[in-house]
Amino acid sequence: SSGINAEYGDTHSVIHAEEFYLEMEYKTPFPYFHTFAGEKCMVGLNFCHDGEAQLFLDAVNGIVIRNRKRKEKKDAQNRPPPMASMPPPAPNNSITQPDGDAGKKDKK
């Protein structure tokens, strides 16, 4: 999981911090209004300017993509290596004949 801080104005004070998870649904019902499920409640972000909203959306999408790539890499590292493909065993063409005259033709 990763987080993003929303800063306000020139003071750079954190007004909201939230963890973002792969399963999280980040929705933009309007270009200026974004929603997602927070830890304890639904969160809605209403931006004054569409440009700021787009910058924030780009940052969120970057985090989601980065998290997904990390998870895929981690899953690949934890996956057991594939078993080596071996050819099927050769058929046994030698048929063992019992001792004796069985199977022999008389030459006359």
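Residues numbered from 1 in each chain as written. Predicted model: local features only at pLDDT ≥ 70, side-chain atom pairs only at ≥ 80, totals over all residues. Heavy atoms only, no water.

**Student:** Outline the overall build of the protein, listing residues and values.
**Tutor:** Helix and strand counts for the protein stand at one helix and five strands. In sequence order, the secondary structure elements of the protein are arranged as β-β-β-β-β-α. By the burial criterion, 19% of the 108 residues in the protein qualify as buried. (Helix = DSSP H or I, 4+ residues; strand = E, 2+ residues; numbered from the N terminus. Buried < 20%, exposed > 50% of the residue type's maximum accessible area, 1.4 Å probe, protein only.)

**Student:** Now, about the pattern of salt bridges: what can you tell me, with residues and values included?
**Tutor:** The tally for this structure, following the rule as stated, stands at two salt bridges. One salt bridge connects Lys 27 with Glu 25, and the closest N-O pair in it is separated by 3.7 Å. Here Asp 75 makes a salt bridge to Lys 71, at a shortest N to O gap of 2.9 Å. Of this pair, Asp 75 and Lys 71 are both found in helix 1 (residues 50–78), four residues apart, which corresponds to roughly one turn of the helix. Taking relative accessible area as the criterion, Asp 75 reaches 33% and is therefore assigned partly exposed. (Salt bridge = Lys/Arg side-chain N within 4 Å of Asp/Glu carboxyl O.)

**Student:** Could you give me a rundown of the nonpolar core, with the residues and numbers involved?
**Tutor:** Membership of the largest hydrophobic core comes to 13 residues, with the highest contact counts inside it found for Phe 20, Tyr 26, Phe 36, Leu 45, Phe 56 and Val 60. Broken down by secondary-structure element, the contributors of at least two residues to this core are strand 5 (42–46) and helix 1. By residue number, the principal contributor to this core is helix 1, which donates six residues. (Core = buried A, V, L, I, M, F, W, Y, C linked by side-chain atoms within 4.5 Å.)

**Student:** Any details on the packing of aromatic side chains? Residues and values, ideally.
**Tutor:** Under the defined criterion, the tally for this structure stands at four aromatic pairs. Ring centres of Tyr 26 and Phe 36 lie 5.5 Å apart, and the angle between their planes is 20°; this geometry places the pair in the stacked category. Of this pair, Tyr 26 sits in the loop between strand 2 (13–20) and strand 3 (27–30) while Phe 36 is found in strand 4 (residues 33–37), placing the two residues 10 residues apart along the sequence. You'll find Tyr 26 and Phe 36 in the same group, each marked buried. Seen from their ring centres, Tyr 26 and Phe 56 are 6.5 Å apart, and the 40° between their planes marks the pair as tilted. You can see Tyr 26 sitting in the loop between strand 2 and strand 3 and its partner Phe 56 sitting in helix 1, a full 30 residues away along the chain. Its relative accessible area of 18% is what places Tyr 26 among the buried residues. Of the residues examined, Phe 56 reaches a relative accessible area of 14% and is grouped as buried. (Phe/Tyr/Trp six-rings, centres within 6.5 Å; stacked < 30°, edge-to-face > 60°.)

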